[in-house]
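Here is how the chains run, residue by residue.
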Number of protein chains: 2
Amino acid sequence: MAGWEAIRTEVLARIRSRAWPLGTLIPPEAALAQEFGVARATVNRALSELARAGVLERKRKAGTRVAALPVRKATLDIPVIRAEVEARGEVYGLRLLLCELAQPPVPVLARLGQDVGEMLHIETLHLASGRGFVLEDRWLNPAILPTPLPDFAAISANEWLVAHISYASGDISFSAEAANDAAAAALGVAQGSAVFVTERCTWAPDAPITWVRLIHAPGYRLSTVL
Amino acid sequence: MAGWEAIRTEVLARIRSRAWPLGTLIPPEAALAQEFGVARATVNRALSELARAGVLERKRKAGTRVAALPVRKATLDIPVIRAEVEARGEVYGLRLLLCELAQPPVPVLARLGQDVGEMLHIETLHLASGRGFVLEDRWLNPAILPTPLPDFAAISANEWLVAHISYASGDISFSAEAANDAAAAALGVAQGSAVFVTERCTWAPDAPITWVRLIHAPGYRLSTVL
DNA sequence: ATTGCTATTATGTCTGCACATATTCCAAAG
DNA sequence: CTTTGGAATATGTGCAGACATAATAGCAAT
């Protein structure tokens, strides 16, 4: 019995077997370290991992307890659209539908929380083997862009951003909606079809970077393992 | 400059500032440890964290490089439905629509990958302040259930499972679909409405536990911060 | 030119110790 | 009885050193 993964497995087994029922306090790290014959740091590594997964709840001094109403935490991978298409073995394509400066509509302003005046409005249709895959509707803060503007007909705004404004913070949400006329036409599906929508809002430390809505073609699935 | 979070911040700053461009190899842990005046373990902690977030890619001997096409990793919290309803400040309710032993249909068998004979088919409508919130369609391996059966009209199968079969592994996927007749009627929405669907498949080490499809009422959003 | 072995090297993990920090609990003071 | 102020304690984080492991790169033999 050595290695933090072995410890993690053993702890999980005890939880599953109800040796440590839901909601109960488990022995402190020092005790477990002695029992398993490893250093406390090793136990700590294992328990921290389980806490990150939502299986355990830890508080200083209070000790470690088995989560009573476990909140499963799943990790989603959010790749660049081109990578996603190519991972399916399809040919990626891109069509720039719109690229102009304009005043963003109120809902977009509300999500960004700040008015920076006119923003660059970009609409891009991403293609997988020629068929519509994702319709991207983006509002971009022009202050963060270089002059001259990148050629968004050659590289999607999506990809340009991850390559140049990387690792900003933001939020993301997923929902189901009925495709409106424009989206249905662009994706080549019936108007009113159920489509999977990803909405993302990205911030630099001081100013908004971008708000984007990705409308995925019907049949799209977002998956992960638990 | 001490503490692994400070190191993480500094490394992120260098990536953002292009001091370490995308795709390049960064100095080995030992060098960074010396530069920052901390132990290698501290640098390791910081870099590992960034690797988990998808900002860095690490390989033994090959070294650590800044991810070229960063795959953002977002963590989703998947709570028990009752907790989700109550977190919105609404009153949780539950209606058991169906509970019977039956042979699961082929698509369900395919997802489970194994035929264990008849399974318990449970349909539950979860209510938020009296309105339909989620329609749960579940197939449950009866071998894992106690006798007599739990009262699924009082506690939802969803909740009974997390409390009794906790921490199994599985996969989960999200999609958008048009509500069929039954779902539309149960949720009280127009037939064909776009609904958000969560599909989960859970396994014990040896046998399947459950397959479940959650059809969320229109307007449902799944969100997280990046 | 190709294949196969080996040395090198960067990360992964462990140990044992130490101190920091948060939080509970109990006791003393008001 | 309530409040306040330690003291105790469990986790968080740090350090230095060591060995394990994986993968590359270079050299040698075919």
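A quick note: this is a predicted structure, and the numbers were derived from the prediction, not measured.

Rules and cut-offs
Residues numbered from 1 in each chain as written. Chains lettered and ligands numbered in written order. Predicted model: local features only at pLDDT ≥ 70, side-chain atom pairs only at ≥ 80, totals over all residues. Heavy atoms only, no water. Helix = DSSP H or I, 4+ residues; strand = E, 2+ residues; numbered from the N terminus. Buried < 20%, exposed > 50% of the residue type's maximum accessible area, 1.4 Å probe, protein only. Contact = heavy atoms within 4.5 Å. Near = heavy atom within 4 Å. Polar contact = N/O pair within 3.5 Å; in protein donor to acceptor, adjacent residues only side chain to side chain. Nonpolar A, V, L, I, M, F, W, Y, C, P; charged D, E, K, R; others polar. Salt bridge = Lys/Arg side-chain N within 4 Å of Asp/Glu carboxyl O. Core = buried A, V, L, I, M, F, W, Y, C linked by side-chain atoms within 4.5 Å. Axes fitted to C-alpha atoms, helices over the stretch in contact; angles between N-to-C directions. Parallel < 35°, antiparallel > 145°, perpendicular 65-115°, else oblique. Left-handed = near helix turned anticlockwise from the far one by under 90°. Least-squares fit on C-alpha atoms with pLDDT ≥ 70 in both. Buried area = accessible area lost by both parts, 1.4 Å probe.

**Q** Explanation requested: the environment of V91 of chain B in the structure shown.
**A** Residue and element names in this part refer to chain B. Inspection of the secondary structure puts V91 in the loop between helix 4 (81-87) and strand 5 (92-102). On the basis of relative accessible area, V91 is assigned to the exposed category, the value being 59%. Sequence-wise, V91 and F152 are 61 residues apart; in three dimensions their C-alpha atoms are separated by 18 Å. Among residues more than four places away in sequence, those in contact with V91 are V85, L127, A128, S129 and G130.

**Q** Which parts of the structure should I look at to understand the protein's contact with DNA strand D?
**A** Taken together, the neighbourhood of DNA strand D is formed by 19 residues, with R58 and R60 of chain A together with G3, W4 and T42 of chain B sitting nearest. Atoms of DNA strand D within 4 Å of the protein: sugar and phosphate make up 75%, bases the balance. At a separation of 2.7 Å, a phosphate oxygen of DNA strand D approaches a polar backbone atom of E29 of chain A. When contributions to the surface near DNA strand D are tallied by element, the ones reaching two or more residues are helix 3 (40-52), strand 2 (56-59) and strand 3 (63-66) of chain A together with helix 3 (40-52) of chain B. Looking at the surface near DNA strand D element by element, the count peaks at 3 residues for helix 3 of chain B. The residue inventory of the surface near DNA strand D, partitioned by class, reads 4 nonpolar, 5 polar and 10 charged.

**Q** What am I meant to see in the pattern of salt bridges here?
**A** The tally for this structure, following the rule as stated, stands at 30 salt bridges over all chains. The shortest N-O distance in the salt bridge between E199 of chain A and R213 of chain A comes to 3.3 Å. With E199 of chain A in strand 9 (residues 194-203) and R213 of chain A in strand 10 (residues 208-216), this residue pair connects regions lying 14 residues apart in the sequence. In this structure, E199 of chain A and R213 of chain A share a single accessibility class: buried. Here R213 of chain B makes a salt bridge to E177 of chain B, at a shortest N to O gap of 2.8 Å. Of this pair, R213 of chain B sits in strand 10 (residues 208-216) while E177 of chain B sits in strand 8 (residues 169-178), and the two are 36 residues apart along the sequence. Here the salt bridges share partners, and the residues they tie into one network are R111, E177, E199 and R213 of chain A together with R221 of chain B.

**Q** For this particular structure, what's the right way to read the nonpolar core?
**A** Among soluble globular proteins, nonpolar side chains are generally buried collectively. The biggest cluster of nonpolar side chains holds 37 residues, and the ones touching the most others in it are F174 and F196 of chain A together with F174 and F196 of chain B. Leaving out residues up to four positions away in the same chain, F174 of chain B has contacts with F196, Y220, R221 and L222 of chain A together with L76, F196, V197, T198 and L222 of chain B.

**Q** Explanation requested: the packing of helix 2 (residues 29-36) of chain B against helix 3 of chain B in the structure shown.
**A** Helix-helix packing is characterised by the crossing angle of the two axes and by the distance between the axes. Residue and element names in this part refer to chain B. Two elements in contact, helix 2 and helix 3, have axes separated by 8 Å at closest approach and are oriented at 110°. Our classification of the angle between helix 2 and helix 3 gives roughly perpendicular. As helix 2 runs across helix 3, the sense of the crossing is right-handed. Across the interface between the two elements, E29, A30, L32 and A33 from helix 2 touch R40, V43, N44 and L47 from helix 3. Split by residue class, the contact of helix 2 with helix 3 holds 5 nonpolar, 1 polar and 2 charged.

**Q** What is the right way to look at the side chain of E159 of chain A in this model?
**A** Structurally, the position occupied by E159 of chain A is in helix 6 (residues 157-164). Under the relative-accessibility criterion, E159 of chain A is labelled buried at 10%. Side chain to side chain, E159 of chain A and R82 of chain A meet in a polar contact 2.5 Å long. When residues no more than four places from it in sequence are discounted, the contact partners of E159 of chain A are V80 and R82 of chain A together with L69 of chain B.

**Q** Please clarify how the relation of the copies chain A and chain B should be interpreted in this entry.
**A** The relation between the two chain copies is a rotation about an axis coupled with a shift along that axis. Turning chain A through 180° and shifting it by 0.0 Å along the axis lays it on chain B, with an RMSD of 0.2 Å. Both copies are brought into coincidence by an operation consistent with a two-fold rotation axis.

**Q** Explanation requested: the interface of chain A and chain B in the structure shown.
**A** When the parts of a complex come together, some accessible area is lost, and that lost area is often taken as the interface size. The interface is formed by 54 residues belonging to chain A together with 54 residues belonging to chain B. For the pairing of chain A and chain B, the buried interface totals around 4500 Å² over both sides, and the portion due to carbon and sulfur atoms is 56%. Linking chain A with chain B are 2 salt bridges, by the criterion used here. Put simply, R221 of chain A and E199 of chain B hold a salt bridge, and the shortest N to O gap is 3.3 Å. Between the two partners, chain A and chain B, sit 12 residue pairs in polar contact (both at pLDDT 80 or more). Within the residue set of the side of chain A that touches chain B, elements represented by two or more residues are helix 1 (4-16), strand 4 (72-78), helix 4 (81-87), helix 6, strand 8 (169-178), strand 9 and strand 11 (221-225) of chain A. It is strand 8 of chain A that contributes the most residues to the side of chain A that touches chain B, 9 residues altogether. For the side of chain A that touches chain B, the class distribution of residues is 31 nonpolar, 9 polar and 14 charged.

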